[in-house]
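The lines below spell out each chain.
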Amino acid sequence: MNFLRGVMGGQSAGPQHTEAETIQKLCDRVASSTLLDDRRNAVRALKSLSKKYRLEVGIQAMDHLIRVLQTDRSDSEIIGYALDTLYNIISNDEEEEVEENSTRQSEDLGSQFTEIFIKQQENVTLLLSLLEEFDFHVRWPGVKLLTSLLKQLGPQVQQIILVSPMGVSRLMDLLADSREVIRNDGVLLLQALTRSNGAIQKIVAFENAFERLLDIITEEGNSDGGIVVEDCLLLLQNLLKNNNSNQNFFKEGSYIQRMKPWFEVGDENSGWSAQKVTNLHLMLQLVRVLVSPTNPPGATSSCQKAMFQCGLLQQLCTILMATGVPADILTEVKQMKSKATTECRVNQDYFASVNAPSNPPRPAIVVLLMSMVNERQPFVLRCAVLYCFQCFLYKNQKGQGEIVSTLLPSTIDATGNSVSAGQLLCGGLFSTDSLSNWCAAVALAHALQENATQKEQLLRVQLATSIGNPPVSLLQQCTNILSQGSKIQTRVGLLMLLCTWLSNCPIAVTHFLHNSANVPFLTGQIAENLGEEEQLVQGLCALLLGISIYFNDNSLESYMKEKLKQLIEKRIGKENFIEKLGFISKHELYSRASQKPQPNFPSPEYMIFDHEFTKLVKELEGVITKAIYKSSEEDKKEEEVKKTLEQHDNIVTHYKNMIREQDLQLEELRQQVSTLKCQNEQLQTAVTQQVSQIQQHKDQYNLLKIQLGKDNQHQGSYSEGAQMNGIQPEEISRLREEIEELKRNRELLQSQLTEKDSVIENLKSSQTSGTNEQSSAIASARDFEEVAELKQELATLKSQLNSQSVEITKLQTEKQELLQKTEAFAKSAEIQGESETVIATKTTDVEGRLSALLQETKELKNEIKALSEERTAIKEQLDSSNSTIAILQTEKDKLELEITDSKKEQDDLLVLLADQDQKILSLKNKLKDLGHPVEEEDELESGDQEDEDDESEDPGKDLDHI
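What you see is a predicted model; the values in this text were computed from it and never measured.

**Brief notes about the overall build of the protein**
Alright, step 1. From N to C terminus, the protein includes 42 helices and four strands.
Alright, step 2. Counting only residues that meet the buried cut, the protein has 47% of its 962 residues in that class.
Alright, step 3. Put simply, 74% of the contacts in the protein that link residues at least 6 apart link residues at least 24 apart.
Alright, step 4. Of the accessible surface of the protein, which amounts to about 48200 Å², a share of 50% is contributed by carbon and sulfur atoms.

Here is the structure:
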């Protein structure tokens, strides 16, 4: 500090100490001093001199200041002084008023110092690393310095930050700083960083910028907030405008729903501060960015649907109908709502149902049209209403029909208590205000755009001109006003309406030509030599007359195409007519209107052309020119070619319908084949399961039979043992009785075994039936093969139909070639003759191919009939298979019942055999007790077979012998 005082004192002591010398001494002190305090004081002194002596400090001290940033990072105070000094050198912000030349020199100086600073990319990287410091004296001046660098040389600094590791992420941390001044300056820094750089915009968006910015806007009070809300909205615009990726991320992140509270404004006349109006402007512009026509169609429509689903569109309509809203806000809301409803049927239908909070309630469309035709409303507001109405009707045939229906006699309110949209449009169309005439005519033209039905319906509209006079049609009234010589703006509006009305509508052309005064008026207007102001009206009259020729169906004999062209040639001249027609596209306001669909005019006198009408002029100018130069013979030939092409179109359409029906039939057949295939697989599975169950039952029965055979053998051995032992006569008689009883039981068992044998035979027969089931399965397999063959034939039929579609496509291509050849008639007679030959050849070729297609179609029908018969046969076979399976299922149930009964009987037999074993055992014991020898079981087994034969003859023989 003493050093600074000495330097400054020495500076004032004599003229030899200049400011440059002082700065040089301070720089030397910064570079050579070993004490941190000395360096800090020197940097502080440079900071104090940097604003006044910006050039000198920048030239001499910049390198030393950068070195301080690199070496003295441990001391936040000196780092803060160095950053402030660099900011003063680079920044162009000057507190004192200076002259323009001085300001320009200052800006050049800032750019030069910025270029010097960023020449070494490490300096920017060093600055980004310093922003990680939490100390206020380091972070805040670092944010300001980086912001100034971006303002001076934005693209270069952006590129350095983009390649710096975690560069953008470090800057995003500024939005989370608890100190508002750093957070707010961080928003300004990100504004400069994201300007015109899509890559950085994407990185910032994916660093959760949307969430943080919306939180800040909410904390600051939404639209009632201050300048911070404005800065956040500007940053959001940078991130979303012309960035489809960020727009999709914004929509997918459900951030559109968080925009709804922004537009919750009161219905009072107070509270609309200048900052609130600015904030709402930016909020509405942000919504317009999301639904801009320049966005991809899918992205725009999804944002429109999201706005409707979250209630944002409803909120905007509430603002639109509220009282006390400033006019510029209303204008912006209408323009934004227009974009939100364009080509979105849901939003268009909702807007049609909105009612204004009036008594009685009126539709919002009616209220808007009232302001559009009211000449006391601001011009910008009326333009916004017109654009809103145009967007509501754009590709909305339902809305167009509702508007036109309000003009029809059957829908007009007889009581007169309410005003309809059609009445307002008619009132504006025939009012004394030329701007209202133009707006109403353009609005009504949009209700007819690309809608032939409404063009015909509008012909029914009748107007009461005065009391006692018959009503006249709306078409006639428009031509009457046109002939009265009103203002140019009014006449241009009416001519645009008439041209839109008559184009692509031969019935309207007939009604227009039915009035004998219309054609003389148009020819008189075109033939006159008027000033430059009237040339535009002459061009529009020529366009209207050309439309009356081109779309003329020759239903009026006095105004057929050829007669109208002869009239033009006699009274105007073809060349003069085409020249007048070209006045439209050469007009300066025509080119301006053709650029953007939104009407954006600086003043009412520039409101001449409508954007959609410029498209119509561009479409019709060429075809009308060709129609004027064509001769009657060419017209006849063209009509013949058109009729031929129409016939071909009808034939092609007929075959398309046939192919469509065949495709449906093929699809049904495919479904039936897949169903039959599934049923066949299920039946095969069921048959396999049944066969396995029957085999299991057979195995179980064989086991039972074997067990019964062993039991009978044991019984014979016991009887033989009893015959070979001697007993007392009393015992013998009793034993004989018991043996007789056992014999009867055995005979009973044998009879039961016989029954079981019959059951076994039945099982064998069921096995045979199982074989039949297998044969049915084989038949099913054969059916499946037939189904596969049917599927293959269907695929072949499909390929034939595809080839037929290719032939039809070729026919359509040849049709286009015929049209092109027809248009080339006017070039030369030689080309004409060649075209006729080509057309005749092509027509013959087309007819031959069509006859071939007819023959192929007949063959396809026969094949389809045969396939249907085969499908019926397969279905019958499957039905028989189903009946066979049902019979097998019934037999299977019977066999299961019989097997269950046999198991029960076997159990009973086993019990009886066990009782017999017990009795025989007791008899053997008694014989042993009586002293008679009894043979063992193993000795008796060898003679079982012989004993069984002896027993059949005389089972009591041995006992008698004993």
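From this point, the narrative continues.
**Details of the confidence of the model for the protein**
Alright, step 1. In this model, the protein carries an average pLDDT of 77, and 74% of its residues clear a pLDDT of 70 or more.
Alright, step 2. Mean pLDDT values over the elements of the protein span from 37, in helix α42 (residues 957-961), up to 93, in helix α11 (residues 180-194).
Alright, step 3. Between residues 773-781, whose pLDDT stays under 50, and residues either more than four places distant or in other chains, the model counts twelve contacts.
Alright, step 4. Throughout residues 937-962 the model reports pLDDT below 50, and contacts reaching past four residues in sequence, or to other chains, amount to 27 contacts.

**Examining the environment of S245**
Alright, step 1. Summarising the element assignment, S245 is placed in helix α15 (residues 244-252).
Alright, step 2. For the pair S245 and K202, spaced 43 residues apart in sequence, the C-alpha to C-alpha distance is 7.3 Å.
Alright, step 3. Beyond its immediate chain neighbours, meaning those up to four positions away, S245 contacts K202 and F206.

**Quick look at the packing of helix α24 (residues 421-429) against helix α25 (residues 434-447)**
Alright, step 1. Between α24 and α25, the shortest axis-to-axis distance is 7 Å and the interhelical angle comes to 135°. Classified by the interaxial angle, the pair formed by α24 and α25 is oblique. In this structure, the crossing between α24 and α25 has a hand that is left-handed. From α24, L425, G428 and L429 reach across to α25, where they touch S436, N437, A440, A441, A443 and L444.
Alright, step 2. Partitioned by chemical class, the residues of the contact of α24 with α25 number six nonpolar, three polar and no charged.

**Notes on the packing of aromatic side chains**
Alright, step 1. Across all of its chains, the model carries twelve aromatic pairs by this definition.
Alright, step 2. Between F206 and F249, the ring centres sit 4.6 Å apart and the planes meet at 35°, which makes this aromatic pair tilted. Residue F206 is found in helix α12 (residues 198-206), and its partner F249 is found in helix α15; the two are separated by 43 residues along the sequence.
Alright, step 3. Among the residues examined, F249 registers a relative accessible area of 25% and is labelled partly exposed.
Alright, step 4. Summarising the aromatic geometry, the rings of W262 and F263 are spaced 6.5 Å apart at their centres and angled 55° between planes, so their arrangement reads as tilted.
Alright, step 5. On the accessibility criterion, F263 (0% relative accessible area) is buried.
Alright, step 6. Here the aromatic cluster, defined as three or more aromatic residues joined through ring pairs, consists of F206, F210, F249, F250 and Y255.
Alright, step 7. Between the NZ or CZ atom of K144 and the centre of the ring of Y87, over which it lies, the distance is 5.1 Å.

**Re the environment of R44**
Alright, step 1. Within the secondary structure layout, R44 lies in helix α3 (residues 36-50).
Alright, step 2. In sequence terms R44 and Y81 are 37 residues apart; their C-alpha atoms lie 5.8 Å from each other.

**Quick look at the pattern of salt bridges**
Close approach of charged atoms allows side chains with opposite charge to pair.
Alright, step 1. For the coordinates displayed, the defined rule picks out 21 salt bridges.
Alright, step 2. Two residues, D72 and R39, come together in a salt bridge whose shortest N-O distance is 3.1 Å. Highlighted residues: D72 in the loop between α4 (54-71) and α5 (76-90) and R39 in helix α3, separated in sequence by 33 residues. Across the pair, R39 and D72 agree in class, each one buried.

**Describing the state of the cysteines**
Alright, step 1. Across all of its chains, the model carries zero disulfides by this definition.
Alright, step 2. In this model C499 remains outside any disulfide bridge; the closest cysteine sulfur is found in C541, 8.4 Å from its own.
Alright, step 3. Judged by its relative accessible area of 0%, C499 is buried.

**What about the side chain of T147?**
Alright, step 1. Looking at the element boundaries, T147 is found in helix α8 (residues 136-152).
Alright, step 2. Take T147: its relative accessible area is 9%, and that puts it in the buried class.
Alright, step 3. Dropping the residues within four chain positions of it, T147 is found in contact with D185, L188 and L189.

**Notes on the packing of α11 against helix α14 (residues 227-240)**
Alright, step 1. Taken N-terminus to C-terminus, the directions of α11 and α14 make an angle of 25°; their axes are 9 Å apart at the nearest point. Here α14 runs roughly parallel to α11, going by the angle between their axes. Of the two elements, α11 crosses α14, and the hand of that crossing is left-handed. Between α11 and α14, the residues in contact are R183, N184, V187, L188, L190, Q191 and T194 and V228, D231, C232, L234, L235, N238 and L239, respectively.

**Details of α3**
Alright, step 1. Here α3 spans 21 Å end to end across 15 residues, near enough to the 21 Å set by a 1.5 Å rise per residue.
Alright, step 2. Where α3 is concerned, the buried positions are R39, R40, N41, A42, V43, A45, L46, L49 and S50.

**Regarding the side chain of D72**
Alright, step 1. Using a relative accessible area of 7% as the deciding quantity, one classes D72 as buried.
Alright, step 2. Residue contacts for D72: discarding those within four places in its chain leaves L36, R39, I78 and I79.

**Quick word on unusual backbone geometry**
Alright, step 1. Even without a glycine there, the phi angle at N222 is positive, about 55°.
Alright, step 2. By the secondary structure assignment, N222 is in the loop between α13 (209-219) and α14.
Alright, step 3. Positioned with a positive phi, N242 is a non-glycine residue whose angle comes to about 60°.
Alright, step 4. Among the residues examined, N242 registers a relative accessible area of 66% and is labelled exposed.

**Quick word on α4**
Alright, step 1. The end-to-end C-alpha distance of α4 is 24 Å, a good match for the 26 Å that 18 residues give at a rise of 1.5 Å each.
Alright, step 2. At A61, α4 is bent by approximately 60°, the largest bend along its length.
Alright, step 3. Turning to α4, its buried residues are R54, V57, G58, A61, M62, H64, L65, I66, V68 and L69.

The rules behind the values
- Residues numbered from 1 in each chain as written.
- Predicted model: local features only at pLDDT ≥ 70, side-chain atom pairs only at ≥ 80, totals over all residues.
- Heavy atoms only, no water.
- Helix = DSSP H or I, 4+ residues; strand = E, 2+ residues; numbered from the N terminus.
- Buried < 20%, exposed > 50% of the residue type's maximum accessible area, 1.4 Å probe, protein only.
- Contact = heavy atoms within 4.5 Å.
- Areas by Shrake-Rupley, 256 points an atom, 1.4 Å probe, with all protein chains shown as cover.
- pLDDT = per-residue confidence, 0-100.
- Axes fitted to C-alpha atoms, helices over the stretch in contact; angles between N-to-C directions.
- Parallel < 35°, antiparallel > 145°, perpendicular 65-115°, else oblique.
- Left-handed = near helix turned anticlockwise from the far one by under 90°.
- Nonpolar A, V, L, I, M, F, W, Y, C, P; charged D, E, K, R; others polar.
- Phe/Tyr/Trp six-rings, centres within 6.5 Å; stacked < 30°, edge-to-face > 60°.
- Lys NZ or Arg CZ within 6 Å of the ring centre and 35° of its normal.
- Salt bridge = Lys/Arg side-chain N within 4 Å of Asp/Glu carboxyl O.
- Disulfide = S-S within 2.5 Å.
- Expected span 1.5 Å × (residues − 1).
- Bend = angle between axes of the 7 residues up to and from the residue.

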